[in-house]
Amino acid sequence: MSNSVPRTGSIKNKIVASDLEEERKNLNFDQMELTEFLYYGKENYAKYQGWIKLVEKEPILANHHSWYDMTREEQMECQLQKSRRMYEIDRKEYFHDVENGFIAWYNAILKGVYSFGLNFTMFMTCIESLADDEQRNQWLPKLKDLKMIGCYAQTELGHGSNVAGIETTATYDNTTDEFVINSPTLTSTKFWPGDMGKISCYSCVYARLISNGKDHGVQPFLVQTRDLATYEPLPGVEMGDIGPKFGYQSKDNGYQIYKNLRIPRYNHLKRFSEVDREGNFKLKGDQRILYSIMLLTRVQIISYAPFAIFQALQIGTRYAVVRRQFSTLDGTKLERKLLDYQTHMYKYAPLLAYAMAFKFSGHYLIKLYEKVMDGVKNNDFSQLELLHHLSSGYKAVYTKITYDAIDDVRQSCGGAGFLQWSALPQYQQDYAPNPTFEGDNTVMLQQCSRLIVKTVKGLAKGKKAEGNFSYLNNILGLIEMKSTAKTVEDVLSVEFLETALAVRSAFKVKSTVEDLMKSKASENQKANSEFAIDIISMSTAHVMYTTFYNFKNGLSIIKCNSLKNHLNNLLRLYSISELIKDNQCLYESGFFSSGIMNLLNQALKQLLKTLRPFMIPIVEAIQIPDVILTSSIGNSYGDIYETQLEWAKSSRLNKSTTIRGFKENILPIVNGKL
Amino acid sequence: MQNILPKTGSIKDKVVAEDLLAERKNLNFDQLELTNFVFGGEENYKNYQEWTKILESDPILHNHHEFYEFTREEQIEHNLQKVKRMYEIDKKKYFQDYSEGYFQWYYYIFKGISPYGLHSTMFVSCIDCLSDDEQRAKWLHMAKDFKMLGCYAQTELGHGSNVTGVETTATFDKQTDEIIINTPTITATKFWPGELGKLTNFAMVYANLISNGKNYGVQPFLVQIRDFENHQPVQGVEIGDIGSKFGFNGKDNGFIIFNNLRIPRGNMLQRFSELDREGNFKVKGNQKALFSVMLMGRVQLINFSSFGLHWALLVGTRYAAVRRQFANQEGDKLERKLLDYQTHMMKYGPFLAYSIAFRFAVTDLIKMHKKLLAGLVNNDFGNLELLHHITSGYKSVFTTLSYDAIDEIRQSCGGAGFLSWSSLPSLQQDFAPNTTFEGDNTVMLQQAARLIMKNVTLVMKGKKPHEFFAHLELIKDLPVANKTLSSVSEVLELEYLDLALATRAAFKIRFFMEKYMTTEATENEKLNSLLAIDILPMVKAHVMYTTFRHFRQGIESNGFKCENLKKHFRNLCRLYALNELTQDNQSLYECGFFTQGTMKIISQGLKQLLQEIRPHMIPLVESLRIPDSILVSSIGNSYGDIYETQLEWAKGSRLNKSTTIKGFKELILPIVNGKL
Ligand SMILES: Cc1cc2nc3c(=O)[nH]c(=O)nc-3n(C[C@H](O)[C@H](O)[C@H](O)COP(=O)(O)OP(=O)(O)OC[C@H]3O[C@@H](n4cnc5c(N)ncnc54)[C@H](O)[C@@H]3O)c2cc1C
Ligand SMILES: Cc1cc2nc3c(=O)[nH]c(=O)nc-3n(C[C@H](O)[C@H](O)[C@H](O)COP(=O)(O)OP(=O)(O)OC[C@H]3O[C@@H](n4cnc5c(N)ncnc54)[C@H](O)[C@@H]3O)c2cc1C
């Protein structure tokens, strides 16, 4: 029986679904202010729009849904075509002047993972920061002009998280003034670097520098791996792609095995250490700078996390306001929009709140990063430790939540989200390595804990904690506090929420640090066996609190009052979601007591209801155009059926009416000939 | 600098890693007893072993790691070759007599996706259960003998969860005594059915029966969609595959659009309703039996939740016992095994406990289901309602937990788990639709809530609930008297854990029911918009409790002989409960069951259990004896070969057929060489 369905959308006929149009009418704030905020300012957003215009009018650059049906080889070729076209159009803009931070957008614009992504991030960073001035001047222009395409070769089969365990050797031969690169064991095989398998001709290889029989630890070397004229591998290096993966399929993660590969001594990146003609090794400059380099990529990963949630939400939320299922509205046959199910709002709205919280935190972190880098230039390392602490903690917590969020959005689109046409599977699959690379999340939370422990120990010696750590100054007071909340309004007050999150973190910090100090076991045992799970839990609670702090303080830059009002509600929702998920410490400390559950529950429902009408206007502030999104259910027309069916019809397996193998293997059975 | 590594494994040289050998020495219980249990009984396990032998000896059936990089077309073709081979070997056994073990067994052979899985389950059961005797006699053997290949065509573009909203029409034409199938709107396009895209010649179509101008609701029709002889689509249908997916890519999920396709009136399945020559419609028999068809699919998914999770653990745990990372002590050259990190045990220990808990639950469930099926033959609908409640609740909770667990295990293998060679990506991706199909998980929890509400209402009226809901009686005693814990041993008592989990469930149920009874709004509003988010945690807590109960009682009632095995079971049962109580305990503080100080004791109990279970992880996990030939994993194989094979498979992979990649020399090399 035909159900009465409001006008659905159609990309082909340029008709917007009436449901989506209705939702857009709820816009009551300055959406452009939010958009520009999400893109880190007017200028960036303008730049982004420039790219989009280009993509829209260049047939080679335009994204096409057939991408989702392509093999790995085809996807890579498609990307190479796009890169070539960009180079032809404006090599200065798209290659020479490209900043590290834009790579995430390249990924979005090009679909999949940008072919030269590692060249323009990790490899470029190494040359920029680890090479001395002479080396940098020589190599940097080349890599930016694609005369030198590089990868970052750190991980080996045997060692990922433990970088110090790397086994590749670079042995100085003072008779020829060369380094000899070798993979002495199976486990020393370089394994995983992106762009390594097929695309790059140079590797920034991390290897143990051995000179005059002495091991000087892991150092970076610039190693040529292919002949530039033929692009064939050089003698002495065996290389290839490592195979199909959960995601990241358009990236040629590779392996390399070195056998007496010789490079000039000059190719040791020597800003921080040097080997002289005789083979004497010496350190130069402040080694702490080495640290700061790794941080950039983490900061980028952190700032990409909210964007990734928004991308998924833009699809999920649009679908959920056009898709209707079950006649559960009183007095009408019209079915209910998915987003009008409270359960669905409870899936999406908190994700929006987390995305926004990460966004504000990311802003704070980028500023901190810039400040730290300025300091480093003047040999001021005072805030490096803080940056390291925050970037490892945020990286771990945000990427985990973001990955799960994308997965949740995909699942809550039902079957439609399971299809590649929706764009969600690939978002999830390509986002998936974020919890692993650039520091595995578990290891990162361990590292994050160090400054917390140090700060608490400092308190005892009378050192005051600052900034988003300052709540710890009152650690003893916090864990004694009792909540006075009696009404839903009390629970929704920002002060109450801040206190609750602070108490939760303080309680975990105090009990973990006490345990650590009391135990007689070795440091190693304490950190890895006895209290490892407490450490993780403590770091997480601390990250969640400081994120709140960054969010709340960041709001002051917002001008539009209605927007600020929405953001305040998202701040509340973020906090309440957290307090519903993990509240044991609050009962234990006595801050919460019987009855609070009901208040939190009501407050949550009230927020969901308040935010519901503004979901589309807020989420759509991310303004990702259809040409980039390429989604059968999340496009701007609210076309959730017509295009889905059309793409299905045009797909690869429909080139013929049957499938290879059927006539040979099964038809004889059907026809009783077997 | 070389690190000291204990001897690593090698499949090629048949060398088992030293670390893995050492772990296996900790075996202190009758592993075969556990193996039989996790395979669903001794007989099932014997079957598996037999199948395994055939698989290993037959080159066509043999699994190969290349499968992981096949295109969709290649995967389907490869699997069709296997089907043919099985048919040749023993058509009776593999196509005609399969039973509930079917699902896993096909998983074995086809690396996930059996090309005729839907045909053999949904399609055949529809014919079996929804046809009348005459129809069954005509069609069932054809279907089982692969003459009639069918799919289950229910979902449409516009309607998935809401089956009654299906729009396809089946209009009776009195003149010709035929039924005309049509797709009146774009949203009525059948969309999703597995095997529809390419592989079947029949579809079980759910459509609105219209006769004499009247709509009699959704009914099943047997519709021929392709020609027997040449397999071309018949006149009046447009068919195809729907495209690439997150997983399940070896399956040709399809779409079909009907345009005045005529079928005989006799093709309406008529065990429960009938249409006479004049177009008069009448209902027959007990409609409840219609439900029972859906049950089987869900029981299988529940069963597979335990199996799939255990499979992932087999890979993850072996890897974690051989992979080492970071030194134990400053300067120490031997690194620490991943599984010796407390954080890693905290991931895998509870997963093992959940997988075993699900196994106990499904063992009971299969018994209940068998009893039900036996009863149905005599029109005895005994526990149908209860089974519907259990299967929808467990399906939802278990598939979500197992999907998340498999994902986490993949992630906790670092980069190695991200590579398809590990087998974890395809396991996760092919498991993924389990949370959606056979009833979306959110919708399933809502359905499971109904019987809880019914029984709690009885309790509130002072009547006795069904025994399955006995714990609901606790709501009368809330809040419970404080029980201050003084030692870790108290929280490790099963009795205590039982009460804690039951109380948690009871509290949430009461929390919801009080709101439900006092909120003034329509039923629709209460269940969908005002209180919907209270329903889900309530059902989940209830399911987690009853699962615990299956586990706890099952340890005693399944006749296990080995005392050490039972000891491990008890520890896993405790671990299951303590992990639950660590994750979600607000209700217990609210009702006073937990008090200040409980947290510390629970945490100590948990850590103690992790430590106790740690040495037995490999022996326990390896009870799921999946041979390497079926596992096909670069890091989870029985040799503990985690490096050599990984590198070898990498070297042999598709993109390495040439030294560069298509397009590079044409497009980019000119740039590198400054010619552009
Ligand atoms: C898509 C992708 C792209 C990549 N690109 C590059 C690249 O361009 N260049 C490059 O050099 N590398 C690259 N890598 C490799 C990446 O850096 C490593 O995967 C990462 O460092 C993790 O190391 P691993 O995979 O060896 O995991 P492992 O270090 O072996 O970790 C495995 C597991 O053990 C746990 N674990 C490890 N140590 C501890 C501890 N101390 N305490 C508790 N738990 C622990 C981890 O939590 C994890 O669950 C890439 C990886 C991926 C997946
Ligand atoms: C791999 C795969 C194989 C399949 N095979 C078959 C097959 O062989 N035959 C066949 O007929 N179908 C098949 N299906 C379709 C499957 O049955 C549907 O996907 C499923 O019923 C869910 O419907 P939907 O996708 O339309 O999601 P929807 O029903 O649209 O649901 C989308 C979202 O809305 C939410 N939602 C819906 N209703 C409610 C509610 N009342 N309250 C709260 N939230 C709600 C859901 O939780 C979900 O998050 C298959 C699907 C997949 C993914």
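Predicted, not measured: the structure shown is a model, and the values here were computed from it.

Considerations on the pattern of salt bridges
Part 1 of the argument: A complete count under the given rule lists 85 salt bridges over all chains for this structure.
Part 2 of the argument: One salt bridge in this structure joins Lys147 of chain A and Asp145 of chain A, with 2.7 Å as the shortest N-O distance.
Part 3 of the argument: Here Glu274 of chain B ties to Lys282 of chain B by a salt bridge, and the two come within 3.5 Å at their closest N and O atoms.
Part 4 of the argument: Owing to a relative accessible area of 47%, Lys282 of chain B belongs among the partly exposed residues under this scheme.
Part 5 of the argument: Sharing partners across several salt bridges, the network here consists of Glu23, Lys337, Asp340 and Arg612 of chain A.

A closer look at the domain arrangement of chain B
Residues and elements named next belong to chain B.
Part 1 of the argument: Partitioning chain B into domains gives domain 1 (39–115), domain 2 (147–284) and domain 3 (294–621).
Part 2 of the argument: Placing the centre of domain 1 and that of domain 3 at their C-alpha centroids yields a distance of 31 Å.
Part 3 of the argument: The interface is formed by twelve residues belonging to domain 1 together with 15 residues belonging to domain 3.
Part 4 of the argument: Contact between domain 1 and domain 3 buries roughly 1,400 Å² in total, counting both sides, with carbon and sulfur atoms accounting for 68%.
Part 5 of the argument: Counting every contact that joins domain 1 to domain 3 gives zero salt bridges.
Part 6 of the argument: Summed over the shared surface of domain 1 and domain 3, the number is zero residue pairs in polar contact (both at pLDDT 80 or more).
Part 7 of the argument: In terms of residue class, the side of domain 1 that touches domain 3 is made up of six nonpolar, three polar and three charged.

Observations concerning the sheet that holds strand E8 (residues 254–258) of chain A
Part 1 of the argument: What the three strands build is an open sheet, ordered E4-E8-E7 (chain A); its pairing is antiparallel. With partners counted over all chains shown, the strands left at the sheet margins are strand E4 (190–191) and strand E7 (237–241) of chain A, one partner each.
Part 2 of the argument: Relative to E8 of chain A, E7 of chain A runs antiparallel, the two sharing five bridges. Bridging from a neighbouring strand, Met239 of chain A pairs with Gln256 of chain A of E8 of chain A.
Part 3 of the argument: Along the sheet, helix H23 (residues 644–651) of chain B contacts E4, E7 and E8 of chain A; its crossing angle with E8 of chain A, the most-contacted strand, is approximately 105°.

Describing the site of ligand 1
Part 1 of the argument: In the vicinity of ligand 1 lie 29 residues, with Thr155, Ser161 and Asp440 of chain A together with Arg323 and Gly415 of chain B positioned nearest.
Part 2 of the argument: Each of chains A and B places residues near ligand 1.
Part 3 of the argument: A distance of 3.0 Å separates an oxygen atom of ligand 1 from a polar atom in the backbone of Gly194 of chain A.
Part 4 of the argument: With respect to ligand 1, the side chain of Tyr341 of chain B contributes an N or O atom lying 3.5 Å from a nitrogen atom.
Part 5 of the argument: Secondary-structure elements contributing two or more residues to the shell around ligand 1 are helix H13 (441–460) of chain A together with strand E12 (324–327), helix H9 (342–377) and helix H11 (414–418) of chain B.

Quick word on the sheet that holds strand E7 (residues 237–241) of chain B
Part 1 of the argument: One open sheet accounts for three strands, arranged E4-E8-E7 (chain B); its pairing is antiparallel. Pairing within the sheet leaves two strands with one partner each, and these edge strands are strand E4 (190–191) and E7 of chain B.
Part 2 of the argument: Note: E7 of chain B against strand E8 (residues 254–258) of chain B, five bridges, orientation antiparallel. The residue of E8 of chain B that forms the bridge with Val237 of chain B is Phe258 of chain B.
Part 3 of the argument: Sitting on the sheet, helix H24 (residues 642–649) of chain A touches E4, E7 and E8 of chain B, and the angle it makes with E8 of chain B is about 110°.

Remarks on the site of ligand 2
Part 1 of the argument: Around ligand 2 sit 30 residues, and of these Arg323 and Gly415 of chain A together with Thr155, Ser161 and Asp440 of chain B come closest.
Part 2 of the argument: Per-site note: the chains with residues close to ligand 2 are chains A and B.
Part 3 of the argument: Between ligand 2 and the protein, one listed contact pairs an oxygen atom with a backbone N or O atom of Ser412 of chain A at 2.9 Å.
Part 4 of the argument: Measuring from an oxygen atom of ligand 2, one finds a backbone N or O atom of Gln154 of chain B at 2.9 Å.
Part 5 of the argument: When ligand 2 is considered free in solution it has 960 Å² of accessible area, and contact with the protein chains removes 95% of it.
Part 6 of the argument: Only helix H9 (342–377) and helix H11 (414–418) of chain A together with helix H13 (441–460) of chain B provide two or more residues apiece to the shell around ligand 2.

Section: the UniProt feature "active site" (unreviewed entry) in chain A
Part 1 of the argument: Here the UniProt feature "active site" (unreviewed entry) sits at Glu438 of chain A.
Part 2 of the argument: Of note, Glu438 of chain A is situated in the loop between helix H12 (424–431) and H13.

A few points about empty space enclosed by the protein
Part 1 of the argument: Under the counting rule described, the total for this entry stands at six cavities of 30 Å³ or more.
Part 2 of the argument: A volume near 100 Å³ is recorded for the largest cavity.
Part 3 of the argument: In terms of lining, the largest cavity is formed by ten residues, of which the most central are Val5, Arg324, Glu335 and Tyr641 of chain A together with Gly158 of chain B.
Part 4 of the argument: When its residues are assigned to classes, the lining of the largest cavity shows three nonpolar, four polar and three charged.

Scoring rules and cut-offs
Residues numbered from 1 in each chain as written. Chains lettered and ligands numbered in written order. Predicted model: local features only at pLDDT ≥ 70, side-chain atom pairs only at ≥ 80, totals over all residues. Heavy atoms only, no water. Salt bridge = Lys/Arg side-chain N within 4 Å of Asp/Glu carboxyl O. Buried < 20%, exposed > 50% of the residue type's maximum accessible area, 1.4 Å probe, protein only. Domains from an automatic or database assignment. Contact = heavy atoms within 4.5 Å. Buried area = accessible area lost by both parts, 1.4 Å probe. Polar contact = N/O pair within 3.5 Å; in protein donor to acceptor, adjacent residues only side chain to side chain. Nonpolar A, V, L, I, M, F, W, Y, C, P; charged D, E, K, R; others polar. Pairing = 2+ DSSP bridges. Helix = DSSP H or I, 4+ residues; strand = E, 2+ residues; numbered from the N terminus. Axes fitted to C-alpha atoms, helices over the stretch in contact; angles between N-to-C directions. Near = heavy atom within 4 Å. Areas by Shrake-Rupley, 256 points an atom, 1.4 Å probe, with all protein chains shown as cover. UniProt positions renumbered as here; feature names shortened; annotations may be inferred. 1 Å grid on protein atoms, 1.4 Å probe; cavity = no way out; pocket = protein on both sides within 12 Å on 5 of 7 lines; lining within 4 Å. Points joined across faces, edges and corners; volume = space filled by probe spheres on them.

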